[in-house]
Amino acid sequence: MEMAMARFRNAVWAAVPAGTGYDPAISPNWTFLPFMDVLTDLVGSTVAVGIVCLVAVAAIGGLVWAGGNFWDHGRATQIGKGAVAVSIIAAFVVGGASALIRWGAQAGSGI
């Protein structure tokens, strides 16, 4: 079995000489599948719902932070600060997900 795999590997490498820069020229086709528009809308609405939820988390975290500070509850103040910080970082990731994926795909296509 190993000998057959070695022959196959050698045949593949012989078919594409080193240094030829073989490129299969495959690129994304956004119109081939009929549900791509629906899928794009679904993902966009999911991002919108996520951002709205993160705004709610930041607002509630701010209230907990203020209440904990006012009533001198150290743990509540820490939880409120953490909720605000995490919601801001999560909003960066959720809001920038499309741009981050686009950047990665463009960087990967140039390899």
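To be clear, the structure that these remarks concern was listed above.
Here the residue numbering is sequential within each chain, running from 1 through the sequence in written order. A pLDDT threshold of at least 70 governs which residues receive local features in this predicted model, and a stricter bar of 80 or more applies before side-chain atom pairs are shown or counted, although totals over entire chains, interfaces and linings include all residues. Here the side-chain values reflect all heavy atoms present in the structure, with hydrogen atoms and water set aside.

Enquirer: Looking at this structure, I do not really get the overall build of the chain. What am I missing?
Expert: Check the secondary structure of the chain and you find 4 helices and 0 strands. Working definition: helices are DSSP H or I runs of at least four residues, strands are E runs of at least two. Numbering for both runs from the N terminus. Along the chain direction, N to C, the helices and strands of the chain fall in the order α-α-α-α. Based on C-alpha atoms, the radius of gyration is set beside the globule rule, defined as 2.2 Å times the residue count to the power 0.38. Taking 13 Å as the expected radius of gyration for a compact globule of 111 residues, we find that the chain reaches 25 Å, considerably beyond that expectation. Projecting the C-alpha coordinates of the chain onto the three principal axes gives extents of approximately 75 × 35 × 30 Å. Exposure classes here rest on a 1.4 Å probe applied to the protein chains alone. A residue is buried below 20% of its type maximum, exposed above 50%, and partly exposed in between. The buried share of the chain, taken over its 111 residues, is 9%. Accessible area for the chain stands at about 9300 Å²; split by element, carbon and sulfur atoms hold 72% of it. Under this rule, positive means Lys or Arg and negative means Asp or Glu; His and the chain ends count for nothing. Lys charges are placed at NZ, Arg charges at CZ, Asp charges at CG and Glu charges at CD. Charge separation in the chain, taken as the distance between the mean sites of 5 positive and 5 negative side-chain charges, equals 11 Å. Each accessible area is a Shrake-Rupley result for a 1.4 Å probe, and residues are judged covered by the shown protein chains and nothing else.

Enquirer: Even after reading the chapter, I still don't get the packing of aromatic side chains, so can you show me in this structure?
Expert: Describing an aromatic ring pair means giving the distance of the ring centres and the angle of the ring planes. Geometry of aromatic contacts follows a simple scheme: Phe, Tyr and Trp rings, the Trp one being its six-membered ring, pair when their centres are within 6.5 Å, and the pair is stacked under 30 degrees between planes, edge-to-face over 60, tilted otherwise. Under the counting rule described, the total for this entry stands at 1 aromatic pair. Between Phe70 and Trp71 the ring centres are 5.1 Å apart and the planes differ by 85 degrees, which places this aromatic pair in the edge-to-face class. Considered together, Phe70 and Trp71 belong to a single accessibility category, that of exposed residues.

Enquirer: I'm lost on the side chain of Thr77 in this one. Help?
Expert: Take Thr77: it is sitting in helix 3 (residues 74–95). Among the polar contacts made by the side chain of Thr77, one reaches the main-chain carbonyl oxygen of Gly68 at a distance of 3.3 Å. In what follows, a contact means two residues having at least one pair of non-hydrogen atoms within 4.5 Å. Apart from the residues within four sequence positions on either side, Thr77 is in contact with Trp65, Gly68 and Asn69. Counting of polar contacts relies on pairs of N or O atoms within 3.5 Å, with two restrictions inside protein: one atom must be capable of donating a hydrogen and the other of accepting it, and residues adjacent in sequence are counted only when both atoms are side-chain atoms.

Enquirer: Help me understand unusual backbone geometry, please; the structure alone is not making it clear to me.
Expert: Generally, phi is negative for residues other than glycine and the peptide bonds are trans, each holding for most cases. One non-glycine residue, Asp72, adopts positive backbone phi at about 60 degrees. When you line up the elements, Asp72 lands in the loop between helix 2 (36–70) and helix 3.

Enquirer: Explain the environment of Gly67 here, please?
Expert: Along the chain, the position of Gly67 falls in helix 2. Sequence separation between Gly67 and Thr77 is 10 residues, and the spatial gap between their C-alpha atoms is 7.5 Å.

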